[in-house]
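Read off the chains here:
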Amino acid sequence: MKRNFSIKKITYIGAILAALCLSACGMQQVQTDIDSIENTDNPQASSVSTDAEASTASTDLETSDTTLTITCIKGGAADAFVLISDEHVTIIDTGLDKKADKLVEFLNEQGVTKVDELIITHFDKDHVGGADHILDSFEVGTVYTTYHSKESDDITAYLEALENSGLEETTVSETLSYTADGISFTIYPPRSQLYYDSVSNNSSLVIRVALGENSMLFAGDAEYERLSELLKTEGLDSTILKVPHHGRYNANTEAFVEYIDPQYAIITSSNGEPEDQEVLDILAANGTETYLTKNGNVTITMTSDNIEIMQ
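Here the structure is a predicted model, which means the values were calculated and not measured.

**Considering a positive patch on the surface**
Argument step 1. Together, Lys74, Lys98, Lys99, Lys102 and Lys125 make up a positively charged patch on the protein surface.
Argument step 2. Structurally, lysine 98 is set in the loop between strand 4 (89–94) and helix 3 (100–109).
Argument step 3. Take lysine 98: its relative accessible area is 70%, and that puts it in the exposed class.

**Observations regarding unusual backbone geometry**
Residues apart from glycine generally show negative phi values, whereas peptide bonds are mostly found in trans.
Argument step 1. Non-glycine residue aspartate 93 carries a positive phi angle of around 65 degrees.
Argument step 2. Among the secondary structure elements, aspartate 93 is positioned in strand 4.
Argument step 3. Residue classification places aspartate 93 among the buried residues on the basis of a relative accessible area of 1%.
Argument step 4. Despite not being glycine, histidine 245 shows a phi value in the positive range, around 55 degrees.
Argument step 5. Its location among the elements puts histidine 245 in the loop between strand 12 (240–242) and helix 9 (253–260).

**Topic: the sheet that holds strand 5 (residues 114–120)**
Each strand in a sheet pairs with its neighbour through backbone hydrogen bonds, running either in the same direction (parallel) or in the opposite one (antiparallel).
Argument step 1. With mixed pairing, eight strands are arranged side by side in an open sheet as 7-6-5-4-3-2-15-16. Each of the sheet's edge strands pairs with one partner strand only, and the pair in question is strand 7 (170–171) and strand 16 (307–310).
Argument step 2. The pairing of strand 2 (residues 68–72) with strand 3 (residues 80–84) spans four bridges and is antiparallel. Residue threonine 71 lies in a different strand from strand 3, and its bridge partner there is valine 82.
Argument step 3. Strand contacts of helix 3: strand 2, strand 3 and strand 4, with the helix running at about 10 degrees to strand 3, the strand carrying the most contacts.

**Considering the pairing of strand 11 (residues 214–218)**
Argument step 1. Most of strand 11 is tucked away: five of the five residues are buried.
Argument step 2. Every second residue of strand 11 is oriented toward a common face, with Asn214, Met216 and Phe218 on one face and Ser215 and Leu217 on the other, all of them buried.
Argument step 3. With five bridges joining them, strand 10 (residues 206–211) and strand 11 adopt antiparallel strand pairing. Across the sheet, residue leucine 211 finds its bridge partner in strand 11, namely asparagine 214.
Argument step 4. Two successive antiparallel strands, strand 10 and strand 11, enclose a turn made up of two residues, where glycine 212 displays a positive phi of approximately 60 degrees.
Argument step 5. When strand 11 meets strand 12, the two strands line up parallel, connected through three bridges. Bridged to phenylalanine 218 within strand 12 is lysine 242.
Argument step 6. Handedness of the strand 11-helix 8 (residues 224–230)-strand 12 crossover: right-handed.

**Here's the deal with the nonpolar core**
Argument step 1. The biggest cluster of nonpolar side chains holds 30 residues, and the ones touching the most others in it are Ile70, Leu83, Ile187, Met216, Phe218 and Ile300.
Argument step 2. When near neighbours in sequence (up to four residues on either side) are disregarded, methionine 216 contacts Ile70, Cys72, Ile207, Arg208, Val209, Ser238, Ile240, Lys242, Ile266, Ile300 and Met302.
Argument step 3. In this structure, Val115, Phe138, Val140 and Ile155 belong to the second largest nonpolar core, which totals 25 residues.

**Side note on a negative patch on the surface**
Argument step 1. A cluster of like negative charges, contributed by Asp237, Glu254, Glu258, Asp261, Glu278 and Asp281, occupies part of the molecular surface.
Argument step 2. For the negative patch, the secondary structure elements donating two or more residues are helix 9 and helix 10 (277–285).
Argument step 3. Tracing the backbone shows glutamate 278 in helix 10.

**Observations regarding the environment of asparagine 214**
Argument step 1. With respect to the secondary-structure elements, asparagine 214 resides in strand 11.
Argument step 2. Between the alpha carbons of asparagine 214 and asparagine 306 there is a distance of 7.3 Å; along the sequence they are 92 residues apart.
Argument step 3. Within the structure, asparagine 214 has its side chain in polar contact with the backbone oxygen of threonine 303 (distance 3.0 Å).

The rules we used
Residues numbered from 1 in each chain as written. Predicted model: local features only at pLDDT ≥ 70, side-chain atom pairs only at ≥ 80, totals over all residues. Heavy atoms only, no water. Patch = residues over 30% accessible without salt bridge, like charges linked within 9 Å, V, L, I, M, F, W, Y side chains within 5 Å. Areas by Shrake-Rupley, 256 points an atom, 1.4 Å probe, with all protein chains shown as cover. Salt bridge = Lys/Arg side-chain N within 4 Å of Asp/Glu carboxyl O. Lys, Arg positive; Asp, Glu negative; His and termini not counted. Charge placed at Lys NZ, Arg CZ, Asp CG, Glu CD. Helix = DSSP H or I, 4+ residues; strand = E, 2+ residues; numbered from the N terminus. Buried < 20%, exposed > 50% of the residue type's maximum accessible area, 1.4 Å probe, protein only. Pairing = 2+ DSSP bridges. Contact = heavy atoms within 4.5 Å. Axes fitted to C-alpha atoms, helices over the stretch in contact; angles between N-to-C directions. Right-handed = clockwise from strand over helix to strand, strands pointing away. Core = buried A, V, L, I, M, F, W, Y, C linked by side-chain atoms within 4.5 Å. Polar contact = N/O pair within 3.5 Å; in protein donor to acceptor, adjacent residues only side chain to side chain.

Following this line, the structure appears as structure tokens:
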């Protein structure tokens, strides 16, 4: 009986060791399979990563021959940005519906036939208003959005155009990074759906676009609670800041400007809805040169080691 017990024990231990070996081999195969997956959602992007990889993927790329032109469209207190490089077109927000014809006209003038990414930071009318016009007028690759926190006629028109285009939006719920045409794009989603105030504004996606040693941060309409999240997010320092919420002041504005430490700032405002003087003073104290879209389109020409801004 004693001998039989020993044999069973040895057999049992051997089975455990074999199982562990199979498990390790299986894990190695799963990792190999994951590593072999190619991005199919956005064929224009050379790589896509989320959360754990984002801190690495969002690092500014090495020196590139790419030239990126960012046009900040004059359209009242509303956001519409067109990013064009040699092989890639991205639109971040689409302004107001009543100004959409000017956005479409501008794209036609640039010879744009396809928009690789349409990014809607949130669903207020001054950000999503022209989205249906873009979807109706151009081939669109991928649509990135935040979650829907409201309903409106502008959103309904956007969703109908999206369906007519045969597209589905990609709701960004974790940090997402990809590269295209030598440019790094990182999208930072909101961390909550239960903000105490201004849920739509605080649900804004924030996008950092980097080319070599230069970068631009698009901060949507982030208000106090969303800025509190961003102040705890590493790697957001940028050469240019699209000032959040059309240059309106909140208690986190000064800390946020100091945290990003931009050389240049863009504020989308109008004479009827002007930026707050307190925000202008904070930017000036930081040594930041500020441009206002109410004075006309702002055109940024960015390379890996140079920036030129014209208005």
